[in-house]
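Chains, contacts and geometry: an overview
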2 protein chains.
Amino acid sequence: MKKFENFSEWFDEIIFNADILDARYPVKGFAVYKVWGFRIVKNILEILERKLDETGHVPMLFPVVIPEDAFARESEHIKGFSSEVFWITHAGDRELDKKLLLRPTSETAMYPMFALWIRSHADLPLKVYQSVAVYRYETKATRPLFRMREFLWNEAHTAHKTWEEAEKQVREAIGIYSYVFKRLGLSYLILRRPDFDKFAGAVYSIAFDAWNPDGRVNQIGTVHNLGENFAKAFEITYEDVDGKHRNVVQTCYGFGLSRVVAAIIAQHSDDHGLILPPDVAPIQVVIIPILYKETAHEVNAYAKEVYETIKSSGIRVHLDTTEDKTPGEKFYYWEMFGVPVRVEVGPRDQRERNVTLVKRVGLQRRVVKFEEAVTAIRELFDEILRELEERSNSVLKEFVVDAVDQLSLSEIVKLKRRIARVCWCESLECADKIRESSGGEIRGYRFDIEEKPDKPCIICGREAKRVVYVARAY
Amino acid sequence: MKKFENFSEWFDEIIFNADILDARYPVKGFAVYKVWGFRIVKNILEILERKLDETGHVPMLFPVVIPEDAFARESEHIKGFSSEVFWITHAGDRELDKKLLLRPTSETAMYPMFALWIRSHADLPLKVYQSVAVYRYETKATRPLFRMREFLWNEAHTAHKTWEEAEKQVREAIGIYSYVFKRLGLSYLILRRPDFDKFAGAVYSIAFDAWNPDGRVNQIGTVHNLGENFAKAFEITYEDVDGKHRNVVQTCYGFGLSRVVAAIIAQHSDDHGLILPPDVAPIQVVIIPILYKETAHEVNAYAKEVYETIKSSGIRVHLDTTEDKTPGEKFYYWEMFGVPVRVEVGPRDQRERNVTLVKRVGLQRRVVKFEEAVTAIRELFDEILRELEERSNSVLKEFVVDAVDQLSLSEIVKLKRRIARVCWCESLECADKIRESSGGEIRGYRFDIEEKPDKPCIICGREAKRVVYVARAY
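It should be emphasised that the depicted structure is a prediction, and the values quoted were computed from it without experimental measurement. (Residues numbered from 1 in each chain as written. Chains lettered and ligands numbered in written order. Predicted model: local features only at pLDDT ≥ 70, side-chain atom pairs only at ≥ 80, totals over all residues.)

**As for unusual backbone geometry**
Rules: Think of it this way: any DSSP run of H or I at least four residues long counts as a helix, any run of E at least two long counts as a strand, and we number them from the N terminus.
Cis peptide bonds are those with omega within 30 degrees of zero, and the linkage from leucine 124 of chain A to proline 125 of chain A qualifies with -5 degrees. Tracing the chain through its elements places proline 125 of chain A in the loop between helix H6 (107-117) and strand E7 (126-135). Positive phi outside glycine occurs at glutamate 235 of chain B, with the angle close to 50 degrees. Relative to the helices and strands, glutamate 235 of chain B resides in the loop between helix H8 (229-234) and strand E12 (237-239). The phi dihedral of glutamate 426 of chain B is positive, around 80 degrees, even though this residue is not glycine. Mapped onto the fold, glutamate 426 of chain B is located in the loop between strand E21 (419-424) and helix H15 (428-438).

**Points about the interface of chain B and chain A**
This is how the line gets drawn: The contact criterion used is a C-beta to C-beta distance within 7 Å, with each C-beta placed from the backbone. Only Asp, Glu, Lys and Arg are considered charged in this grouping, and only Ala, Val, Leu, Ile, Met, Phe, Trp, Tyr, Cys and Pro are considered nonpolar; every other residue, Gly among them, is considered polar. Only strands that DSSP links by at least two bridges are regarded as paired with each other.
Taken together, the contacts link 39 residues of chain B with 39 residues of chain A. Elements with a contribution of two residues or more to the side of chain B that touches chain A: strand E2 (32-33), helix H3 (35-54), strand E3 (58-59), strand E4 (65-67), strand E5 (86-91) and helix H6 (107-117) of chain B. Considering every element that reaches the side of chain B that touches chain A, the biggest residue donor is E5 of chain B, with 6 residues. Tallied by class, residues from the side of chain B that touches chain A come to 29 nonpolar, 4 polar and 6 charged. Looking at chain direction, strand E5 (residues 86-91) of chain A and E5 of chain B are connected through 5 bridges and run antiparallel. The residue of E5 of chain B that forms the bridge with histidine 90 of chain A is tryptophan 87 of chain B.

**Looking at the relation of the copies chain B and chain A**
Definition in use: Superposing copies: least-squares fit, C-alpha atoms only, residues required to have pLDDT of at least 70 in both.
The two copies are related by a screw motion: chain B maps onto chain A through a turn of 180 degrees and a shift of 0.0 Å along the axis, at an RMSD of 0.0 Å. The operation mapping one copy onto its partner corresponds to a two-fold rotation axis. Using C-alpha coordinates, one finds that chain B approaches the rotation axis most closely at isoleucine 88 of chain B, a distance of 2.1 Å. Both copies contact each other with a shared surface, as 100% of the interface residues of chain B are interface residues in chain A too.

**Brief notes about the packing of helix H10 (residues 296-312) of chain B against helix H13 (residues 373-399) of chain B**
Residues and elements named next belong to chain B. Basically, it comes down to this: The axes used here are C-alpha line fits, helices contributing only the stretch in contact, and every angle between their N-to-C directions lies in the interval 0 to 180 degrees. When an angle is under 35 degrees it counts as roughly parallel; over 145 it counts as roughly antiparallel; between 65 and 115 it counts as roughly perpendicular; any other value is oblique. Take the far helix as the reference: if the near one is turned anticlockwise from it by less than a right angle, the crossing is left-handed, and if turned clockwise, right-handed.
One can describe the packing of H10 onto H13 by two numbers: an axis separation of 10 Å at closest approach and a directional angle of 60 degrees. Accordingly, the angle class assigned to the pair H10 and H13 is oblique. You can see that H10 and H13 cross each other, and the crossing is right-handed. Within the contact between the two elements, H10 uses Val306, Thr309 and Ile310 and H13 uses Ala373, Val374 and Ile377. Here the residues of the contact of H10 with H13 sort into 5 nonpolar, 1 polar and no charged.

**Considering helix H9 (residues 257-268) of chain A**
Residues and elements named next belong to chain A. Short version of the rule: Working rule for helices: expected span equals 1.5 Å times residues minus one. In this scheme the burial state of a residue depends on its C-beta neighbours within 10 Å: 20 or more other such atoms mean buried, 12 or fewer mean exposed, and anything in between means partly exposed; the C-beta positions come from the backbone.
With 12 residues, H9 should cover 16 Å at 1.5 Å per step; its first-to-last C-alpha distance of 16 Å lies within 8% of that length. Burial analysis of H9 places 12 of its 12 residues in the buried class, the great majority of the element. Turning to H9, its buried residues are Leu257, Ser258, Arg259, Val260, Val261, Ala262, Ala263, Ile264, Ile265, Ala266, Gln267 and His268.

Okay, here's the thing in structure tokens:
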């Protein structure tokens, strides 16, 4: 497939042709989400936000601007982000007394408010989320959806009484993201980042690294245990049952909407265009009548009947009645947009009161009775998701390759553009050498399963502490 | 009611107590939408966006930043907005080559893209919307929800082949907004703004001015016919059927989400707190079990059964099982949050398999059979909305007062804090004098009905051209 040969070109073509994103906006790193792309975003958000609601998170909306002094309060955090924030210095023709920055992430917007809201143990846990755009002045080359200066995400922020509760929250967050990614059929590694690469201000960071056809991993979500770092900086304390005042323990996690859209495209789509998981497809089923002069009237009426039946079941269905296109052109068009199921309704279908169902993935067809259409479509949706998931999983398995020495490490990451699995002693010197010889980064060790190193450190030959994954990244 | 006596204090108390907005964010004019307020916003948006979708608008998302040169292309537009935009001048520690501004509205973000997208008559009409925050450096005093430097809105932008089609679009837009406002029970005047007060760059502007208890009108929506002004500035042309290239004709309209929330609170709520129209209440029905020791078990089980039945009907229902509050405290609490219907379930209700329904507005009670509960609640919703609408309408009628001379004009607007209905000759001199003597502004003349002046101009005594409405405004 083209996507494994020339990923960039293939990807840019799809996001342009399928109305996902228009990157011609006249500011570098900023782009327009067009209708198809934005509807996918909204559908993903709906799944995610429902799950967050069900698990006791509440939606809020915080300002896009953060005052300089709040931003500066947690020292590691400002060190990590200050080189990449946009500064608002003027309004109208006046200079502002206090400079404002566009949120690169919202800890420093939210936590001054948390300090006002949290008084006693009865106010905890506090679990807040918002779905917004954030702003980072990326100095690396920007890439549509993958690396933008404005990108969409959902961020959740929680405060707890104890470290144990925060740890439990980290696991809940991983469960929530895993649930959503499963409904999108995505494959990824859940990695605990090495300390030198954790979120600025966190005790530790966990990330979801999705595979990408060009071998560069795509971080689609992160979960951080912040410990008491921000609580100390922002004086977020609560009065405990014993009357003592204690710092809260915090977590935060981010779901990268723009990057998840990128991952859906990159993992599932093919040379015909987009392939969408049924749950997030703006149109899940497209009906295309096959018209011949003599039977056009009957077939059109039947197609309308099929449409009404499918629509009333709650499925997002579209009846394509445009007149200046052949059925073949319509097939091609909707394949490009990744509509999961096509329903063909021809004279024979009409006569026998059948419908012909065609899956976008694999393009297999089957004929079912009109009365069974809705059930059959729902089964197809499940089948499609399973297929997407399995296919994506098997690529991930194929993409992860054990490196036995520096030469094979370099070959795996640099030449073959894969993810190397490596034993590492945890020293920074060896991490540097791994980076140098592979051109990739240590992304971390598996969080969901324990992997014991069975070889010495790939660089120094001393005892290895961790099995880590090395890859180039977006 | 307090709201007619001391509006500001009453309003600030409600938005704080009912978790609408926290205005203590450390940047002036920026605030946090808390859970109840943000859920109301989301529910309003759902109604509005569905209607926009149904009428052929498509959702997109444009960047928050606009480059200086695009902003400057339409001369009236930049004149109107340049004094109130936020400027981004730096990123990290570098100065940007090209200054960026935060969108105060999105014409100049969208129309360079429209110029790329529109090629032929087949691309028209183009009808796009987005729901976002916009940024204006207000120099007047900021007020939560009413006048903020960051406020939420939905903006739609359309392009058409002809002036006639644009005119039709203006009427469609007014119809859409009227539909949504009706579902919120709001009352307002639809006014065509005088030319000196139209949107910067428009041919003409129409606005929805909602009444407010303090007599200052609250502009909750605007609709503009832009003619070819922006099309010329941004070179948005299409090839017509005859092969000639023509400018598109554009309209745009904005639905002020923050201000609509303000209007809902201001028009409907009372001294007990918020009153919400059922369609946008985050919780539409709250069930409160009335527990006595002996029957607590049965009543709780029955309340659960009532809850499940109501929930499965799709109504947003909450069962309040908190244990440290009396039923009376719970009544008080949920009244403050404006939940439209309270269901009381006591021992007698349980024995007789009834439920007691209490409306938030008026607090009337009625007892209905369990089997009829869902139907009765839905009827109550309709009844509540009708009541809110009628009540609000009658206040609006009372608020509009005919001014016969300058003295009565001054009295109506300044002292009585009402909206004056005035005959005006359309001269700017008289407009100035109207402003001076009333402290208010000419908001415009009725767009939905034709009103013929039956008196001379209130200032100069010459023939009046228009019946206009004069009020102070947010």
